[in-house]
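If you want the building blocks of each chain, they are given just below.
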Amino acid sequence: MHNQGGRLAEPDTWSYDRYRSGETALPSPNLGWNTYGTGVQSIGIQGRPEVVDVGEPGPDQLLIRIDAVGLCFSDVKLIRLGGDHPKLYGRDLSVDPIRLGHETSVTVVKVGEALRDTYRCGDRFAIQPDIYVDGRANSYGYTIPGGLIQYHLIGPDVLDADHGAYVVPVPDDMGYAEAALSEPWACVEAAYTQRRRLGPLAGGTAWVLGHPDDDVHYDYGDALRRTATVVATGLSAEAIERLGEALGDDARIVATPALEPENYRGMVDEITGGGGFDDIIVLDPTSAVCITEAARLIAFRGTFAMIGKQPLDGLADIDLGRLHYDYTAYLGAPGPDVCAAYGGERNRCELRCGGVAVFVGAGGPMGQMHVQRAIEADNGPATLVAIDLDESRLGSAMTSLAPLAELHGRTLIAHNPATAEETETELVSRLTARRGADDVVVTVPLGSVMAEAAQLMAHDGMLVLFAGVANGTMGPLDMSRVYLNNAQFTGTSGSTITDQQRVIHKASSGSLSPALNVAAIGGIEAARDGVQAMLDGRFAGKIIIFPQVSGLPLVGLSELFVVLPDVAALLGARGEWTDEAERQLIESHHG
């Protein structure tokens, strides 16, 4: 590559191979999309991208070319909330705009002097956007300007954060769209990778909640031995003595009398400063109100263990948002062995092999990914029920995934409650001989839908809350199942570098097909229309923006034969996106 005055010069002859190697010229102008407030109208200037200057990389910076960007519904959440989005920390976007685009595939085109032993021109990466600096979220596409631009600089905020560089190498034979989709796929992968803390926190504050007339001799083992403080509420003097013997000499026990549930908050504020208990153990639970109020007091990533043999007197109201965002873990066992509630052996996070799995919101982009992962998993469920109220989106999902299910020997059933002759409850009951589904995965961000979906579970089933609802969104759940039947209530948010590496490995090995999720494509000018299309639910799958393609409007793959017949001719047998179609797009239509 020739350098002229610090700029990247046009190679003598453009070719796709040279493009792949990073030998590329900066466009003039370099177009990007900033967001200045709430609403789609705040993206760009008068509906168009703006010119963004790209300077020379500093010693600790890389100049990267953005090859593909997947649009995510999280982007819609962000423009709806603007500076009120939790990840923006009250930022005034009118004077300090952001740039969307956190699902990105990039190529290094220039390397700062201090990084030349680590990176080189032509290196390909997917960016892991869940970046943490000193433990605080500093996410790419949120506080760090994202990928809806043709070229930009990245530096220590991406390359030298809490876990080092938040970039994941991409193999040369992987397509740009596939690489960009490794990020949302990583979020799906993370939903089935244990994120909950499954044991008491060393040095933390635990709360043991019981009642004086409970005469069970609980065996605590070493469950609480490493905690710094244990608050014992409502225990008899004998029970407190046995607890002390289990803890040893170093633990501090604070004994309090029995409290009414409405008084729990005052105690936790006094003892923890409002931060909540790291671990809560409820002995012999019987009251749903007690569980509701005690569960409000779990700290971030805290555990809530229930030890008992009798069901609660009703459903408890549980914070569904915290299950998703705060990784609160609800554990349990019949007792008297308290330790039996903890650990990964009792608390699964993967779909049950050979079981019946239900996916609520299966017609949407992320819902389709969950269904596809279950189909392609070696030890996945035997029967999959895809539920969605949007007949068009559900039909598109079945067109894409039904052949895949047949290939893998899985039964895939589509169900629209608005048009079906039987309810989803009746369907699941029939398929499982009234037992209920082994797993229920919810990708619809509505608390009412999440609570209703839980009713489809078998007693020992698992509910996965993939979609996020605001913390404080309460839903009635049968928490008795946790300690009586080993039911699981889980949720995750975001992903890690390891999750994304795992997805890229699966795609490279052929055990995962990310490109099946591409539903529409567009050039750099189509980004704002893509966000609007997500808002409108126009496409069932993912929208991919190719920033190096200019002049291409947003177009669904089904419409590609009219707009770009040369690209459409290279789609797969079922009309799916392929690396060959991508190459033709970039070779023939790059800016």
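Bear in mind that the values here come from a model prediction, so they are computed numbers and not experimental data.

S.K.: An account of helix H7 (residues 264–272) is needed here, citing residue identities and associated values.
M.R.: Every buried residue of H7 is accounted for by Tyr264, Met267 and Val268. Here the buried residues of H7 occupy an arc of 95° about the axis, which is enough to place them on one side. Residues of H7 that are buried sit in contact with strand S12 (205–209), strand S13 (229–233), strand S14 (252–256), strand S15 (277–283) and helix H8 (288–295).

S.K.: If you had to explain helix H10 (residues 365–376) to someone new, which residues and values would you point to?
M.R.: Over its twelve residues, H10 extends 17 Å from the first C-alpha to the last, a length consistent with the 16 Å expected when each residue adds 1.5 Å. Across the twelve residues that make up H10, a large majority, eleven, are buried. Buried within H10 are the following residues: Met366, Gly367, Gln368, Met369, His370, Val371, Gln372, Arg373, Ala374, Ile375 and Glu376.

S.K.: Hey, could you go over the side chain of threonine 292 for me, with residue numbers and the actual values?
M.R.: Looking at where threonine 292 falls in the secondary structure, it is placed in helix H8. At 2.9 Å, the side chain of threonine 292 forms a polar contact with the backbone nitrogen of aspartate 317.

S.K.: So, the sheet that holds strand S19 (residues 356–360): which residues are in play, and what are the values?
M.R.: With parallel pairing, the six strands of this open sheet are ordered in space as S21-S20-S19-S22-S23-S25. Looking at strand neighbours, the two that pair on one side only are strand S21 (411–415) and strand S25 (488–491), the edges of this open sheet. Strand-to-strand, the axes of this sheet are offset by a mean angle of 15°, without reference to chain direction. Relative to S21, strand S20 (residues 383–387) runs parallel, the two being bridged by five bridges. Across the sheet, residue threonine 383 finds its bridge partner in S21, namely threonine 411. Where helix H13 (residues 447–454) meets the sheet, it contacts S19, strand S22 (437–442) and strand S23 (457–465), and its direction lies at approximately 155° from that of S23.

S.K.: I'd like to hear about the pairing of strand S26 (residues 518–523), residue by residue, with values.
M.R.: Judged by how many residues are buried, S26 sits mostly within the fold: six of six residues are covered. For S26 and strand S27 (residues 542–546), the ladder comprises five bridges, and the chain directions are parallel. The residue of S27 that forms the bridge with glycine 522 is isoleucine 545. Crossover handedness for the path S26 to helix H16 (residues 527–536) to S27: right-handed.

S.K.: Run through the pairing of strand S7 (residues 124–127), naming residues and quoting values.
M.R.: Successive side chains on a regular strand alternate, one facing one side of the sheet and the next facing the other. Residues of S7 alternate between two faces, with Arg124 and Ala126 on one and Phe125 and Ile127 on the opposite face, all of them buried. Bridge count for strand S6 (residues 103–111) against S7 is three bridges, and the pairing is antiparallel. Across the sheet, residue serine 105 finds its bridge partner in S7, namely alanine 126. Bridge analysis of S7 against strand S11 (residues 167–169) gives three bridges, and the strand direction is antiparallel. Looking at S11, one finds that isoleucine 127 is bridged to valine 167.

S.K.: Which residues make up the packing of helix H5 (residues 182–190) against helix H15 (residues 497–509), and what values go with them?
M.R.: Where H5 meets H15, the axes come as close as 8 Å, and the angle between the chain directions of the two elements is 110°. When the axes of H5 and H15 are compared, the pair comes out roughly perpendicular. Within the contact between the two elements, H5 uses Ser182, Glu183, Trp185, Ala186, Glu189 and Ala190 and H15 uses Asp499, Gln500, Arg502, Val503, Ile504 and Lys506. Among the residues making up the contact of H5 with H15, the classes are represented as five nonpolar, two polar and five charged.

S.K.: Can you tell me about the packing of aromatic side chains, naming the residues and giving the values?
M.R.: By convention here, two paired aromatic rings are described through the distance between centres and the angle between planes. Taken as a whole and judged by the stated rule, the model has eight aromatic pairs. Both rings, one in tryptophan 207 and one in tyrosine 264, keep their centres 5.2 Å apart while their planes meet at 80°; by these two values the pair is edge-to-face. Of this pair, tryptophan 207 sits in strand S12 while tyrosine 264 is found in helix H7, placing the two residues 57 residues apart along the sequence. Side by side, tryptophan 207 and tyrosine 264 carry an identical accessibility label, which is buried. Through a chain of ring-to-ring contacts, three or more aromatic side chains come together here, namely Tyr16, Tyr19 and Tyr176.

Here is what the cut-offs are and how they apply
Residue positions within a chain follow its written sequence, with the count starting from 1. Whole-chain, interface and lining totals are the exception, using all residues; otherwise, since this is a predicted model, local features are given only for residues with pLDDT of at least 70 and side-chain atom pairs are given and counted only at 80 or more. Hydrogens and water are ignored here; the side-chain numbers use all heavy atoms of the structure. Each residue is assigned to one of three classes by its accessible area relative to the maximum for its type, calculated with a 1.4 Å probe on protein chains only: buried under 20%, partly exposed between the two thresholds, exposed over 50%. Strands are runs of DSSP state E lasting at least two residues, helices are runs of H or I lasting at least four, and both sets are numbered from the N terminus onward. This arc is taken over the directions from the axis of the helix to the C-beta atoms. Working rule for contacts: check all heavy atoms of both residues, and any pair within 4.5 Å makes them a contact. Working rule for helices: expected span equals 1.5 Å times residues minus one. Pairs of N or O atoms are called polar contacts if they sit within 3.5 Å, as long as, within protein, a hydrogen donor faces a hydrogen acceptor (for residues adjacent in sequence, only side-chain-to-side-chain pairs). Any two strands with at least two DSSP-identified bridges between them are counted as paired. Every axis corresponds to a line fitted to the C-alpha atoms, with the helix fit spanning only the stretch in contact, and the corresponding angles, defined between N-to-C directions, vary from 0 to 180 degrees. With strands facing away from the observer, any crossover in which the path from the first strand over the helix to the second runs clockwise is taken as right-handed. Each angle gets one of four labels, with under 35 degrees taken as roughly parallel, over 145 as roughly antiparallel, 65 to 115 as roughly perpendicular, and the rest as oblique. Ten residues, namely Ala, Val, Leu, Ile, Met, Phe, Trp, Tyr, Cys and Pro, are considered nonpolar, four, namely Asp, Glu, Lys and Arg, are considered charged, and the remaining ones, Gly among them, are considered polar. Each Phe, Tyr or Trp ring, with Trp reduced to its six-membered ring, pairs with another whose centre is within 6.5 Å; inter-plane angles below 30 degrees give stacked pairs, above 60 give edge-to-face pairs, and intermediate values give tilted ones.

Spatial relationships are all this shows, so hold off on functional conclusions.
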